[in-house]
Amino acid sequence: MAAIDPADPDLFAATAASFIAGLLRSGLRVGLGWGETLAAVVRFLVPGAVSDLMIVQMAGGLRDQAPGIQAHELVGQVAALYPGSRVGYLHAPAIVDSEIIQVALLHDRSVEGALTAAAHSDIALVGIGEIADTATMFRYSHVSPDDRARLLAAGAIGSMNARFFDQAGQAVDTLESRTIAVSWGQLDAIPTVVAIAAGAHKVAAIDGALRSGTVDVLVTDEETAVTLLHGVHSTPA
C-alpha cells in the first residue's frame, strides 16, 4: 500500500503519477482502466527514459460523453509520452444492453484480440468506484437507475475495471453477462495490478476491492490508508 498525504487533489495525482512512472520499464505491456482519478494521474505523467511500451485498454468505454476520462483517451495520452510505444484500443462499450450483444461483441475479432492483449498485461492501472450517483459509472448514465438498484440489492459495494464486487470482495454477477472488459480471473493473473483510489467516500469500495485479492498495490491518501488499516469502513447507501 502506497499512502499519500494530499494537500490537494493535484498533489495526490502528481505523487501517484511519480510512483507509477517508477514502475515502468521499456517493453512492458500496460493495461489501463478509466475514470476521473486515473485520468488525473495520467495528466501528471511526464516523458521518461522508458520506451516501446504497449498500452492497452482493459474495459470498454462509457456510453455518454465523458471527455478526458475515457480509456481510449488515456491509452493514447500515455503512449504519446514514451517513444516507440503502441496502443491497443477496445472498440466497444463497457456495458451493453443485452447478453446477446455481449456474446456477439466478444466473438468479434477486434474485440476478442483487444481483450486478449489486455489480459496479458505486465502491469494494470485501475480505479475503484463506489456505488453512488456521483460515481463515474452512474453519473454518465452508463448504468441505469434500475441496474443500480439491482446491484445494491445484490450487495454490490464498488466497481473496478467495469466489474462489480461486494464487501467480501466477491464478484456480483448482476451485469456480468452484459460487460465487455477483462474478466476477474484475467485481472487476477496480471502480475502487478495497481489500484488508485482515495477519499473517505471510497473506503468501503476500496476495502472490498482489496478483499477481492486482485489488487497488488493500492495507491491512496494517508487518511484512507489509516482507516483501512484499522478495519473501519462505511456501509453503502
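Everything below is about the structure shown above.
Residues numbered from 1 in each chain as written. Predicted model: local features only at pLDDT ≥ 70, side-chain atom pairs only at ≥ 80, totals over all residues. Heavy atoms only, no water.

A word on the overall build of the protein. Within the protein one finds ten helices and ten strands. In terms of overall size, the protein behaves like a compact globule, its C-alpha atoms giving a radius of gyration of 17 Å where 237 residues would be expected to give roughly 18 Å. Dimensions of the protein, computed from C-alpha atoms along their principal axes, come out at roughly 50 × 45 × 30 Å. Here the protein holds 237 residues, and 53% of them are scored as buried. The contacts of the protein with a sequence gap of at least 6 include a subset with a gap of at least 24, amounting to 73%. Within the structure as shown, the protein displays about 10,300 Å² of accessible surface, and the carbon and sulfur contribution to it stands at 54%. (Helix = DSSP H or I, 4+ residues; strand = E, 2+ residues; numbered from the N terminus. Rg over C-alpha atoms; globule rule 2.2 N^0.38 Å. Buried < 20%, exposed > 50% of the residue type's maximum accessible area, 1.4 Å probe, protein only. Contact = heavy atoms within 4.5 Å. Areas by Shrake-Rupley, 256 points an atom, 1.4 Å probe, with all protein chains shown as cover.)

We now examine helix α3 (residues 71-81). Inspection of α3 places A71, L74, V75, V78, A79 and L81 among the buried residues, and these make up the whole buried set. Down the axis, α3 shows its buried residues gathered within 155 degrees of arc, on one side only. (Arc of directions from axis to C-beta.)

Here helix α1 (residues 9-23) crosses helix α2 (residues 36-43) at 70 degrees, and the two axes come no closer than 8 Å. Considering their axes alone, α1 and α2 lie roughly perpendicular with respect to each other. Contacts between α1 and α2 pair F12, A13, A16, A17 and I20 from the former with T37, A40 and V41 from the latter. In terms of residue class, the contact of α1 with α2 is made up of seven nonpolar, one polar and no charged. (Axes fitted to C-alpha atoms, helices over the stretch in contact; angles between N-to-C directions. Parallel < 35°, antiparallel > 145°, perpendicular 65-115°, else oblique. Nonpolar A, V, L, I, M, F, W, Y, C, P; charged D, E, K, R; others polar.)

The next point concerns the nonpolar core. Counting residues in hydrophobic clusters, the biggest one holds 49 residues, and the most contacted among them are F164 and I196. Counting only elements with at least two residues in this core, the list comes to α1, β2 (29-32), α2, α3, β5 (123-127), α6 (136-139), β9 (192-196) and β10 (217-221). Tallying contributions element by element places α3 first for this core, with six residues. With sequence-adjacent residues up to four places away left out, I196 is seen in contact with F12, A16, I20, T37, L38, V41, V126, G127, I128 and V219. (Core = buried A, V, L, I, M, F, W, Y, C linked by side-chain atoms within 4.5 Å.)

What follows deals with the pairing of β2. Sheet faces and side chains relate simply in a regular strand, where the side chains alternate between the two faces. Pairing of β2 with strand β3 (residues 54-57) involves four bridges; the strand directions are parallel. Across the sheet, residue V30 finds its bridge partner in β3, namely I55. A crossover links β2 with its parallel partner β3, the connecting element being α2, and its sense is right-handed. (Pairing = 2+ DSSP bridges. Right-handed = clockwise from strand over helix to strand, strands pointing away.)

Let us look at the packing of aromatic side chains. On inspection of all chains with the given rule, the structure shows two aromatic pairs. Measuring from centroid to centroid gives 6.4 Å for F138 and F164, while their planes differ by 50 degrees, and the two rings are tilted. Residue F138 is located in helix α6, and its partner F164 is located in strand β8 (residues 163-166); the two are separated by 26 residues in the primary sequence. No difference in accessibility class separates F138 from F164, as the two residues are buried. Taking the centre distance of 6.2 Å and the plane angle of 75 degrees together, the rings of F165 and W184 count as edge-to-face. (Phe/Tyr/Trp six-rings, centres within 6.5 Å; stacked < 30°, edge-to-face > 60°.)

On to the sheet that holds strand β6 (residues 129-130). Spatially, β6-β7-β8 is the arrangement adopted by the three strands of the open sheet, whose pairing is antiparallel. Since the sheet does not close on itself, it has two edges, and those belong to β6 and β8, each with one partner. Each of β6, β7 (156-160) and β8 touches helix α9 (residues 203-211); the most contacted strand, β7, lies at about 70 degrees to it.

On to the environment of L32, then. Mapped onto the elements of the fold, L32 is located in strand β2. Owing to a relative accessible area of 1%, L32 belongs among the buried residues under this scheme. Sequence spacing of L32 and A71 is 39 residues, and the spatial spacing of their C-alpha atoms is 6.8 Å. Ignoring sequence-local partners within four residues, the contact set of L32 consists of L38, I55, V56, Q57, M58, L74, V75, V78 and L125.

Our focus in this paragraph is the pattern of salt bridges. Taken as a whole and assessed by the stated rule, the structure comprises four salt bridges. Residue D147 is joined to R178 by a salt bridge in which the shortest nitrogen-to-oxygen separation is 3.0 Å. Pair noted here: D147 is in helix α7 (residues 145-153) and R178 is in the loop between β8 and α8 (184-189), with a separation of 31 residues, a long-range link. For R163, the salt bridge identified is with E176, shortest N-O distance 3.0 Å. Pair noted here: R163 is in strand β8 and E176 is in the loop between β8 and α8, with a separation of 13 residues, a long-range link. Through salt bridges with shared partners, a single network forms among D147, R150 and R178. (Salt bridge = Lys/Arg side-chain N within 4 Å of Asp/Glu carboxyl O.)

Don't take any of this as a statement about function, it's just geometry.
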